[in-house]
Amino acid sequence: SLRNIKKLAESKQPYADAQFFLANLYGTGQLGLQVDHEKAYYLYLMASKLNHPAATYRSAVCNEIGAGTKKDPNRAVLFYRKAAALGDTAAMYKLGMILLGGLLHQPRNLRESGVWLRRAAAQADEDNPHALHELALLHERQNNGGVVPFDPNMARELFSQAAQLGYAPAQFRLGACHEFGHLGCVIDPRRSIAWYTKAAQKGD
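First, a word on what this report is: a plain description of the structure on this page.

Rules used in this analysis
- Residues numbered from 1 in each chain as written.
- Predicted model: local features only at pLDDT ≥ 70, side-chain atom pairs only at ≥ 80, totals over all residues.
- Heavy atoms only, no water.
- Helix = DSSP H or I, 4+ residues; strand = E, 2+ residues; numbered from the N terminus.
- Buried < 20%, exposed > 50% of the residue type's maximum accessible area, 1.4 Å probe, protein only.
- Contact = heavy atoms within 4.5 Å.
- Areas by Shrake-Rupley, 256 points an atom, 1.4 Å probe, with all protein chains shown as cover.
- Lys, Arg positive; Asp, Glu negative; His and termini not counted.
- Charge placed at Lys NZ, Arg CZ, Asp CG, Glu CD.
- Phe/Tyr/Trp six-rings, centres within 6.5 Å; stacked < 30°, edge-to-face > 60°.

**Some remarks on the overall build of the protein**
Looking only at helices and strands, the protein features 11 helices and zero strands. When the helices and strands of the protein are placed in sequence order, the string is α-α-α-α-α-α-α-α-α-α-α. Overall, the C-alpha framework of the protein stretches about 60 × 35 × 25 Å when taken along its three principal axes. Evaluated residue by residue, the protein yields a buried proportion of 43% over its 204 residues. Within the protein, contacts between residues at least 6 apart in sequence are counted, and of these 44% link residues at least 24 apart. Of the accessible surface of the protein, which amounts to about 11100 Å², a share of 53% is contributed by carbon and sulfur atoms. Counting 24 positive and 18 negative side-chain charges, the protein places the centres of these two groups 6 Å from one another.

Below is the structure:
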């Protein structure tokens, strides 16, 4: 019950999972709670102090978009770094993209960007397929700044992995690859339509 969750989150030795769960409830206004972004942010911070990876990632997002706290790009990056170091897949991907594009006032760092994107790709799942797709896009570009080697076969393999995880943009790319014979795919209208259909069902 909500009372028990609050007890666990606010006790002398609080549980990070309870704080994270309660923060999500305040962020979305579930179980009859009023939406309260300040409270949500405070609880994410508390759980982050206890090294909760997902709460640390959420703390970063709050700082980036200014939810429950003021916008602070530098602080956001510190939290993304901490969450990535704690093994949060979404944070690894986000940090990779920040360093790839020089976002949030950060200098571009292609070498480090590649490290984080590869780590995120290595633990990709249905919730976090994005790094596979981004790495595929980089591998298929001849001048990608040296983040990764130019390798169309690797690109195809990564698009396939992301598509198997249900990622619509990757499913669309495989549809195109089998339509036109890109990235070493055989031209196969049936397979092409099958991937296009999957992407369409996902709203692409």
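That was the structure; now back to the text.
**Looking at the packing of aromatic side chains**
Each aromatic ring pair is characterised by the separation of its centres together with the angle its planes make. In this structure the tally under the stated criterion is three aromatic pairs. Their ring planes at 50 degrees and their centres at 5.9 Å tell us that Phe 20 and Tyr 44 sit as a pair that is tilted. Within this pair, whereas Phe 20 is found in helix α2 (residues 16–28), its partner Tyr 44 is found in helix α3 (residues 37–49), the two being separated by 24 residues in sequence. Taking the relative accessible area as the measure of exposure, Phe 20 reaches 16% and is therefore buried. Under the relative-accessibility criterion, Tyr 44 is labelled buried at 5%. Judged by centre distance (5.8 Å) and plane angle (55 degrees), the ring pair of Tyr 57 and Tyr 80 falls under tilted. In this pair, Tyr 57 sits in helix α4 (residues 53–65) while Tyr 80 sits in helix α5 (residues 73–85), placing the two residues 23 residues apart along the sequence. With relative accessibility at 1%, the residue Tyr 80 sits in the buried group.

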